[in-house]
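Now for the letters of each chain:
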Amino acid sequence: MKKVLKYLDFTFLRLIPTLFLILVFYSVLRDELQALNRIENYSLQNLFHSATLTMLTFLLLGIASIFKRFDKTIKFSKFVQYFACAVAVIQMVIYALEVIGILNFLFRWYDGYDLFYLLYSLKDAIAFLAFLMIVLSCFLKDKFFKTKWILAILSTVIFFAIYFCDALYMRSMCSAISFRTWFHAAFSLRFLINSILLYFPIFAAIILGSAPVKQNVD
């Protein structure tokens, strides 16, 4: 029974989500590189402001979760985690600069700012906190077992809230629905389940990639 659970854990919670993230990262990177070649005003700065670094962080955490599953590759998984943390720190700096720029524009140059747009834009600040939790969870030693698990789960919950709100926002933008319909969609069990299934590979990679292992490895 334990072997079956280990097989299911490795296949459905680690391998398949990571393979899915490889495809997503390849698609995002390909689209950004095509835009880089197609648009004259497109620069590498736009590439860093896209979802490329975010997806790379999730992908590296997924790879780390795979190598964590084997005793002989636990140390290597630590190096993959540190690489993911380095990418996450870069993304955190970008988010911080974006939030500062948005606040400076809204409060200094745009008198009639939209409060909803301000709250939507501040999701970058919330994502900053989620990435910070991932970095802290990866750098903490495994003896802080509960703390690492709490940070991994909290960062996953934050990312789910961000992507769930993004899905609601895109739904309201793509269809002329009333606020009442939008409100019912936000609390629709079907919409919630679909969102969980859609972003499940990301959540699995974050939790298992930054969570602790029981083996005591220096």
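The paragraphs below set out a description of the structure included in this document. Remember, predicted model here, so these are calculated numbers, not experimental data. Every residue gets a number counted from 1 within its own chain, in the order that chain's sequence is written. Given that the model is predicted, a residue must reach a pLDDT of at least 70 before its local features are reported, and side-chain atom pairs must reach 80 or more before they are shown or counted; all residues, however, enter totals for whole chains, interfaces and linings. The side-chain quantities take in all heavy atoms of the structure and omit both hydrogens and water.

Focus: the packing of aromatic side chains
In this analysis, rings of Phe, Tyr and Trp, with Trp reduced to its six-membered ring, are considered paired at centre separations within 6.5 Å, and the interplanar angle assigns stacked below 30 degrees, edge-to-face beyond 60, and tilted for intermediate values. Tallying each qualifying case throughout the model produces twelve aromatic pairs. Relative to phenylalanine 70, the ring of phenylalanine 10 has its centre 5.5 Å away and its plane inclined at 70°; by these criteria the two rings are edge-to-face. Taken together, the residues phenylalanine 10 in helix H1 (residues 2-38) and phenylalanine 70 in the loop between helix H3 (52-68) and helix H4 (74-109) connect sequence positions 60 residues apart. Overall, phenylalanine 70 belongs to the partly exposed group, its relative accessible area being 43%. Secondary structure elements follow DSSP: runs of H or I of four or more residues count as helices, runs of E of two or more count as strands, with numbering from the N terminus. Three labels apply to residues, based on accessible area from a 1.4 Å probe with only protein chains included: buried if under 20% of the type maximum, exposed if over 50%, partly exposed otherwise in between.

As for the side chain of serine 137
Residue placement: serine 137 occurs in helix H6 (residues 123-139). Of the polar contacts made by the side chain of serine 137, one reaches the backbone oxygen of serine 210; its length is 2.6 Å. Contacts were defined at the residue level, with two residues in contact if any of their heavy atoms lie within 4.5 Å. Dropping the residues within four chain positions of it, serine 137 is found in contact with Lys148, Leu151, Ala152 and Ser210. Two N or O atoms count as a polar contact when they lie within 3.5 Å, although within protein this holds only if one can serve as hydrogen donor and the other as acceptor, and sequence-adjacent residues are included solely when both atoms are side-chain atoms.

Digging into the nonpolar core
Phe58, Phe159 and Ile202 are the most contacted members of the largest nonpolar core, which has 39 residues in total. Setting aside anything within four residues of it in sequence, one finds phenylalanine 159 in contact with Phe58, Ala127, Ala130, Phe131, Ile134, Phe203 and Ile206. Each nonpolar core is a collection of buried residues, namely Ala, Val, Leu, Ile, Met, Phe, Trp, Tyr and Cys, held together in the definition by side-chain atoms within 4.5 Å.

So, the environment of leucine 23
Take leucine 23: it is sitting in helix H1. Accessibility expressed as a relative area gives 55% for leucine 23, which makes it exposed. In sequence terms leucine 23 and leucine 59 are 36 residues apart; their C-alpha atoms lie 9.8 Å from each other.

Here's the deal with the pattern of salt bridges
For this analysis, a salt bridge means a side-chain nitrogen from Lys or Arg found within 4 Å of a carboxyl oxygen belonging to Asp or Glu. According to the stated counting rule, one finds five salt bridges in the structure shown. Across the salt bridge formed by arginine 69 and aspartate 9, the nearest N and O atoms sit 2.8 Å from each other. Here aspartate 9 lies in helix H1 and arginine 69 lies in the loop between H3 and H4, a separation of 60 residues in the sequence. For aspartate 9, a relative accessible area of 16% corresponds to the buried category. Here aspartate 142 ties to lysine 148 by a salt bridge, and the two come within 3.9 Å at their closest N and O atoms. Since its relative accessible area comes to 15%, aspartate 142 is described here as buried. Overall, the relative accessible area of 0% leaves lysine 148 in the buried class. Taken together, the salt bridges that share partners define one network made up of Asp9, Arg14 and Arg69.

Describing the packing of H3 against helix H10 (residues 200-210)
As a packed pair, H3 and H10 sit with axes 7 Å apart at the nearest point and diverge in direction by 55°. Classified by the angle between their axes, H3 and H10 sit oblique to one another. Note on packing geometry: the crossing formed by H3 with H10 is left-handed. Seen from H3, the contacting residues are Met55, Phe58, Leu61, Gly62, Ala64, Ser65 and Lys68; seen from H10, they are Ile202, Ala205, Ile206, Leu208, Gly209 and Ser210. Under the scheme applied here, ten amino acids are nonpolar (Ala, Val, Leu, Ile, Met, Phe, Trp, Tyr, Cys and Pro), four are charged (Asp, Glu, Lys and Arg), and all others, including Gly, are polar. Split by residue class, the contact of H3 with H10 holds eight nonpolar, four polar and one charged. As a rule, the C-alpha atoms of each element are fitted with a line to give its axis, helices using only the stretch in contact, and angles between N-to-C directions run from 0 to 180 degrees. Each angle receives one of four descriptions, namely roughly parallel if under 35 degrees, roughly antiparallel if over 145, roughly perpendicular if within 65 to 115, and oblique otherwise. Each helix crossing is assigned a hand: it is left-handed if the near helix lies turned anticlockwise from the far helix by less than a right angle, otherwise right-handed if that turn is clockwise.

Describing the state of the cysteines
By definition, disulfides here are pairs of cysteine sulfur atoms that lie within 2.5 Å. Per the counting criterion, the structure on display carries zero disulfides. Cysteine cysteine 85 is unpaired, with the sulfur of cysteine 138 as its nearest cysteine sulfur at 3.7 Å. Its relative accessible area of 1% is what places cysteine 85 among the buried residues. Since its relative accessible area comes to 1%, cysteine 138 is described here as buried.

Overview of the packing of helix H9 (residues 189-198) against H10
Between H9 and H10, the shortest axis-to-axis distance is 4 Å and the interhelical angle comes to 55°. Here H10 runs oblique to H9, going by the angle between their axes. Contacts from Ile196, Leu197 and Leu198 in H9 reach Phe200, Pro201 and Phe203 in H10. Taken together, the residues of the contact of H9 with H10 break down into six nonpolar, no polar and no charged.

Considerations on a nonpolar patch on the surface
Only residues above 30% relative accessible area that lack a salt bridge enter a patch, with like-charged residues linked at up to 9 Å and the nonpolar side chains Val, Leu, Ile, Met, Phe, Trp and Tyr linked at up to 5 Å. Only the protein chains shown count as covering a residue, and every accessible area follows the Shrake-Rupley method with a 1.4 Å probe. The grouping of Met1, Val4, Leu5, Tyr7, Leu8, Phe12, Leu13, Leu15, Ile16, Leu19, Ile22 and Phe200 at the surface amounts to a nonpolar patch, some 1100 Å² of accessible area in total. Here the nonpolar patch takes ten residues from H1, the largest share from any one element. For phenylalanine 12, the position within the fold is in helix H1. The exposure class of phenylalanine 12 is partly exposed, given its relative accessible area of 47%.

Everything listed here is a matter of geometry and, on its own, says nothing about what the molecule does.
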